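So the chains spell out like this:
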Amino acid sequence: MSDATDAPREAKDAAAAAKAGDGPVGTPAADTPQTATEAAHEGGSQNLPADPGARAQLDVVAVRTGMFGSAQGGDTSGYGGLVRTIAMPGPSERPYGGYFDEVVDLLAEVLGEGGTAFDDAVEKVVVDREELTLFVRREHLVTVCRALRDDQDLRFELGLGVSGVHYPHDTGRELHAVYHLYSVTHSRRVRLEVAVPEEDPHIPSSVAVYPGHDWHERETWDFFGIVFDGHPGLARIEMPDDWPGHPQRKDYPLGGIPVEYKGAHIPPPDTRRSYS
Amino acid sequence: MSSTTSSAHGAQGTPRAAGSIVDDGVEDVPSFEATGGDWSEIAEEAARLGEERIVVNMGPQHPSTHGVLRLMLEIDGETVTEARCGIGYLHTGIEKNMEYRTWSQGPTFCTRMDYLASFFQETAFCLGVERLLGIADDVPERATVIRVLMMELNRISSHLVCLATGGNELGATTIMTTGFTAREEILKIFELVTGLRMNHAYVRPGGVVQDIPPGALDTIREALGTMRGYIRELEDLMLGNPIYKGRTVGVGHLSLAGCMALGITGPVLRSAGLPYDLRKADPYCGYETYDFDVPTSTDADSFSRTVLRIEECYQSMRIVEQALDRLQAIGPGPVMVADKKIAWPAQLAIGSDGMGNSLDHIRTIMGTSMEALIHHFKIVTEGFRVPAGQVFQAVEHPRGVLGAHLVSDGGTRPYRAHFRDPSFNNLQGVSLMCEGGQVADVVVAVAALDPVLGGVDR
Amino acid sequence: MGIEEAAPSGFLLTTLEKAVGLTRKASMWPVTFGLACCAIEMMAAGTPRFDLSRFGMEVFRASPRQADLMIVAGRVSQKMAPVVRQVYDQMAAPKWVLSMGVCASSGGMFNNYAIVQGVDHIVPVDIYLPGCPPRPEMLLNAILTLHEQVRNEPLGVNREAAARAAEEAALRATPTSEMKGLLR
């Protein structure tokens, strides 16, 4: 990593080039971060199935049919037969561009010194929208966090919290915990993502490495029901202690009530017709 | 463990004896919990049990906890031996609600998170959406400068409320009235530009909802002078005040190591000596082109945080002045991306019933072009699609690093929107800052952290 | 004619009801009860630009036992609801409740699992104030309107009769859900 300040500008150039359609997305030039935007756009939004051969491989998390979210009644719109794959940006190929290659190399080296193979700890590396995401297997999460925090060339000393995402149709990987780490020393960012099945929602706690993640993990437990093993006091934090369920999961209803006024009846937003 | 102690007291006929929040290490210590009741009775019972240790519940409805924060303090005499926070009393489910609204409606929700610093949530969200869309470079220069202008004014108003309520909590009403009077000057500008005093929803994906009105630049320049006077007054009131100094100097100490471990950012981190400010470290909205300083201190106490906040107000004014000059130089122009598939079609005007779509605009789309009408209807009801993926966009909030984690599934609504609010994270420092101090110092330490519970609970 | 003919000058005659109403209305003390955004506007209403103290109302009491008026300023979450009720119960009668802002009045835009859809589910509300958040001037107007209401409040038998009449009128009226027509 020679010049950290140059990377964002180059990254923007790459994004602009990809958007204009004259930049080959699959084979980015060295030193410019990849962007899977174009591929994701085609796979996710233009109702085309992801084609792993031609472009960056996509990570299909759900398949939806129809257009307006309602399956009742006859299909008068003609949109009922629509099939749409929801695909997240898939694993990236080297070079990742910017400082991302260096971070991944250093991490592999540090993990190797500790006796953990990089490929065992990290499922895949995704570079998208100028951001580096490492999908970490849960058993190696604490090791990876410690390596990222302690190595002097990595120094991701600022843990910016944990956030949960629920993909109910991504079988076996329904619950994702997303960790955002910043390096104050090197002005770098990295994101760790851990996917666990709904039946076994256990992730080792990162509080021992980043004490600031204490409340964030409690919040993620509260909202998504991810159990952080080894957390010093995993209690609900936002909801009352006796609250049933984990309210920000996708299968938990919004809980809105219909609004009625002068005979007019407005259903809560989660039961209205939608365009997705 | 609590059941044994409580049943033991219950057998002796003690009125309000129940399990307490003590941990396992102190199992043999008799404990009780009093909710309301006569203080002499409570003291008597404590004396009877031969136990000085008392757990006091402060809040959630308490005048000096900055909103609905609940503090559980374990005290020994006047000394706090353990301090814990209870939050969630203002949990609003905003993140869940955002999943059911379009991307354009997002700012309307996230502006209400930290209601004292609305523009920061809006900007973080919109910068994130723009990066997801890949249009970050297409946002007009004028819109970016307006965002910076509004954010910096907002930073001043937020710091003023922090100083004012902090003073009020120490019993200094003049600090409060002066701070709020100064804040009104900024709210007048906000009202002029956005139409609202709070909860603006002014920054939208792709730009800002409308240009600043004619004459606003001069009004802001004029108001800056007034504001400077008020802040100078506040500075005299607070920094030279021996009582204020006596209450705050050396109170609520949190070292740099503690801040870094707990992920505490903002003025609290800077008061410990690290000049970490995202506007410098990881610039967004073109902050690298503005000339300003990041004030720091090494005292790491409540007083130094007050000094830093006042200093940051002056630095924000510097940025505001530069932004005003740039707006003047740029001249009139678009404040929304040119792509009509994304730009919110707002040509607002003040009508008899308040602000709404201008009649000229409605006449144009209704009368002249069927396609324009269809497009207007579609973009308002359905919204625009955002390619699948996720971003984490961080901005420097008055209280620290605000991060917006946005996940899109390629649809018209966020798949997941999560905000890493600085107050939520910073509140974890309360135990470190308060334990070992006096009960009265808890109020000072919390006021210097400046948590806003709307942001904490979301 | 009446007693005023015979009484010496310097006497002013009124009904007990009016005298009580006047004293109750004057210097009504609100409890410090801020929840969210509206609380900031409530605080702003107490500061020099708006100056709530013109109406003898600036003394925000920290203890509910000394307060007459609860201004529910902001969204009430399910977790906060028992606390709101407890504060209300701790206030000494006569007491009034002002629901400030749409969130407190009806849940507002937060129609979800976390928010009580109107504080009137847990405490009786005397006056609703719309807005998100309402301006301090609107709060002043709401308080003055409430003052008027308090000043004209009947006492004793009159109070019972008034309550009965109000109930009958409410029973006779068409429920809002059965009203038809334009939404205004």
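The structure under discussion appears in the preceding block.
These remarks concern the structure in this document. For clarity, every value in this text was computed on a predicted model and none was experimentally measured.

Scoring rules and cut-offs
- Here the residue numbers are simple positions, counted from 1 along each chain's written sequence.
- In the order they appear in the text, chains get letters beginning with A and ligands get numbers beginning with 1.
- In view of the model being predicted, local features appear only for residues whose pLDDT reaches at least 70, and side-chain atom pairs are presented and counted only at 80 or more, with totals across whole chains, interfaces and linings using the full set of residues.
- Processing note: side-chain calculations cover all non-hydrogen atoms of the structure and skip hydrogens and water entirely.
- In this text, helices come from DSSP runs of H or I with a minimum length of four residues, and strands from runs of E with a minimum of two, each type numbered from the N-terminal end.
- An expected span of 1.5 Å times one less than the residue number is assigned to each helix.
- Accessible area is worked out with a 1.4 Å probe on protein chains only. A residue is then buried under 20% of its type maximum, exposed over 50%, and partly exposed in between.
- When a carboxyl oxygen of Asp or Glu lies within 4 Å of a side-chain nitrogen of Lys or Arg, that pair is called a salt bridge.
- Whether two strands pair depends on DSSP finding at least two bridges between them.
- The nonpolar core is taken to be a set of buried Ala, Val, Leu, Ile, Met, Phe, Trp, Tyr and Cys residues, with the residues joined through side-chain atoms within 4.5 Å.
- Boundary definitions for the domains trace back to an automatic or database domain assignment.
- In this analysis, two residues are considered to be in contact whenever any of their non-hydrogen atoms come within 4.5 Å of each other.
- Simply put, the buried area is the total loss of 1.4 Å probe accessible area from both parts when two parts are fitted together.
- Think of a polar contact as two N or O atoms within 3.5 Å of one another; within protein, one of them needs to be a possible hydrogen donor and the other a possible acceptor, and neighboring residues in sequence only count if both atoms come from side chains.
- For this classification, the nonpolar set comprises Ala, Val, Leu, Ile, Met, Phe, Trp, Tyr, Cys and Pro, the charged set comprises Asp, Glu, Lys and Arg, and every other residue, Gly included, is treated as polar.

## Some thoughts on helix 5 (residues 118-133) of chain B
All names here are of chain B.
Moving on, step 1. Compared with the 22 Å implied by 1.5 Å per residue over 16 residues, the 23 Å span of helix 5 between its first and last C-alpha is a close match.
Moving on, step 2. Most of helix 5 sits inside the fold, with 16 of its 16 residues counted as buried.
Moving on, step 3. Positive phi appears at Gly-134, one or two residues downstream of helix 5, with a value of about 75°.

## Considerations on the pattern of salt bridges
Once their charged atoms are close, side chains differing in charge can pair, the charge on each being opposite to the other.
Moving on, step 1. As enumerated under the stated definition, the model contains 48 salt bridges over all chains in all.
Moving on, step 2. Glu-238 of chain A is the salt-bridge partner of Arg-458 of chain B, the closest N and O atoms lying 3.8 Å from each other. Here Glu-238 of chain A lies in the loop between strand 9 (227-229) and strand 10 (259-261) and Arg-458 of chain B lies in the segment after helix 19 (453-457), a pairing that spans two chains. In this pair, the class of Arg-458 of chain B matches that of Glu-238 of chain A, namely buried.
Moving on, step 3. As a salt-bridge pair, Arg-84 of chain B and Glu-82 of chain B come within 2.7 Å of each other at their nearest N and O atoms.
Moving on, step 4. By relative accessible area, which is 19% here, Glu-82 of chain B ends up buried.

## Describing the sheet that holds strand 1 (residues 30-31) of chain C
Residue and element names in this part refer to chain C.
Moving on, step 1. One open sheet accounts for 4 strands, arranged 1-2-3-4; its pairing is parallel. Lying at the two open borders of the sheet, with one neighbouring strand each, are strand 1 and strand 4 (127-129).
Moving on, step 2. Relative to strand 3 (residues 96-100), strand 2 (residues 69-73) is paired through 5 bridges, and the arrangement is parallel. Looking at strand 3, one finds that Val-72 is bridged to Ser-99.

## Some words on the nonpolar core
Moving on, step 1. If you look at the biggest cluster of nonpolar residues, it comprises 206 residues, and the most contacted ones within it are Leu-134 and Leu-192 of chain A, Tyr-202 of chain B together with Met-70 of chain C.
Moving on, step 2. By residue number, the principal contributor to this core is helix 6 (residues 141-169) of chain B, which donates 13 residues.
Moving on, step 3. Three or more residues apiece are contributed to this core by two domains, here domain 1 (2-23 + 31-86) and domain 2 (94-342 + 384-456) of chain B.
Moving on, step 4. Membership of the second largest hydrophobic core comes to 22 residues, among which are Met-42, Phe-50, Leu-139 and Val-150 of chain C.

## Observations concerning the interface of chain B and chain C
Moving on, step 1. Taken together, the contact pairs 33 residues of chain B with 33 residues of chain C.
Moving on, step 2. Buried surface at the junction of chain B and chain C, summed over both partners, amounts to about 3,000 Å²; 63% is from carbon and sulfur atoms.
Moving on, step 3. Here chain B and chain C share 3 salt bridges between them.
Moving on, step 4. Glu-41 of chain C serves as the salt-bridge partner of Arg-197 of chain B, at 2.7 Å between the closest nitrogen and oxygen.
Moving on, step 5. Joining chain B to chain C, the criterion identifies 11 residue pairs in polar contact (both at pLDDT 80 or more).
Moving on, step 6. For the side of chain B that touches chain C, the elements supplying multiple residues, two or more each, are helix 3 (94-98), helix 4 (106-110) and helix 7 (173-194) of chain B.
Moving on, step 7. Take the side of chain B that touches chain C: its biggest share by element is 8 residues, from helix 7 of chain B.
Moving on, step 8. Of the residues contributing to the side of chain B that touches chain C, the split by class is 14 nonpolar, 12 polar and 7 charged.

Distances and angles like these do not, on their own, reveal function.
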